[in-house]
Amino acid sequence: MSAQWKGSPLPTEPVKLFIGILSAANHFAKRTAVRKSWMIATRKSSNSVARFFVALNGKKEVNEELKKEAEFFGDIVLVPFMEAENPCVGPCKFLHWCDLTSIIQHINALRVIYEWEEEVYPPYANGPGYVISSEIAEYIVSEFDNQALRLFKMEDVSMGIWVQKFNKTRQLVEYSHDVKFFQAGCFDGYYTAHYQSPQHIICLWRKPQSGSAQCCNAR
Ligand SMILES: *[C@@H]1O[C@H](CO)[C@@H](O)[C@H](O)[C@H]1NC(C)=O
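Quick notes on the rules
- Once a new chain begins, its residue numbering starts again from 1 and follows that chain's sequence as written.
- Given that this is a predicted model, residues contribute local features only at a pLDDT of at least 70 and side-chain atom pairs are listed and counted only at 80 or more, while totals for whole chains, interfaces and linings are drawn from all residues.
- To obtain the side-chain values, all non-hydrogen atoms of the structure were included, while hydrogens and water were left out.
- UniProt positions are given in the numbering used here, feature names are shortened, and annotations may be inferred rather than shown by experiment.
- Whenever a pair of cysteine sulfur atoms sits within 2.5 Å, that pair is classed as a disulfide.
- Working definition: helices are DSSP H or I runs of at least four residues, strands are E runs of at least two. Numbering for both runs from the N terminus.
- Throughout, exposure labels follow a simple rule: accessible area from a 1.4 Å probe, protein chains only, divided by the maximum for the residue type, with under 20% read as buried, over 50% as exposed, and the rest as partly exposed.

Within an unreviewed UniProt entry, the label attached to the protein chain reads Hexosyltransferase, and the organism entered is Triticum aestivum. Taken verbatim from the UniProt record of the protein chain, the Subcellular location (unreviewed entry) comment is "Golgi apparatus membrane". Under Pathway (unreviewed entry), UniProt gives the following word-for-word description of the protein chain: "Protein modification; protein glycosylation."

## Some remarks on the state of the cysteines
Evaluation of the coordinates by the stated rule reveals one disulfide. What pairs with Cys203 in a disulfide is Cys216, and their sulfur atoms sit 2.0 Å apart. Residues Cys203 and Cys216 are joined by a disulfide whose S-S torsion is about -105°; by sign, that bridge is left-handed. Pair noted here: Cys203 is in helix 7 (residues 198–209) and Cys216 is in the segment after helix 7, with a separation of 13 residues, a long-range link. Among the residues examined, Cys216 registers a relative accessible area of 23% and is labelled partly exposed.

Next comes the structure, spelled out in structure tokens:
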């Protein structure tokens, strides 16, 4: 918990890139590695902002720690849903500090779908990261405000559901895939990948600083 890793406040001007990082409540070490590595670049930039999005844990102690961390660093958006083993997410209205966000009232009225009733999911960007346009992001927010957003248990599939509706009702969307949005392990020159350990995140960050964007170890 060092002050040098605190998040900077949200800029008043629009930014080019907003990075949302989904993170589990008890993954403090991973968040620390991110704060001490590539998030430095977003803190120095006036064009980008990064925030962790963390849902609540089933354990009260974990949530207490999370709340302290969120207050200290100012870079966490607490999401009023329960994470954990239970795949059926639900509003967490019973947790006393959950009402720190007014979206809870909206959440209560939203339709959460637990199982997808069709045979296949709509196309979606599977994997550790994707980029969406601000038009799509604004559409999702407005659908949320209109209580018309369908929530599904998996975040990337949910995004696919929303993009499909946006594509049908607003504007044509074309998915563009690049292998640099990598699934797992390491791949020289990649942008994103799943399952990186805190040590690996720090090591990867140091590599380009010393002149080469290469993997730290083979997996
Ligand atoms: C958007 O709609 C068009 C026309 O129906 C379709 O060809 C295209 O695959 C859709 N794109 C996505 C991302 O679903």
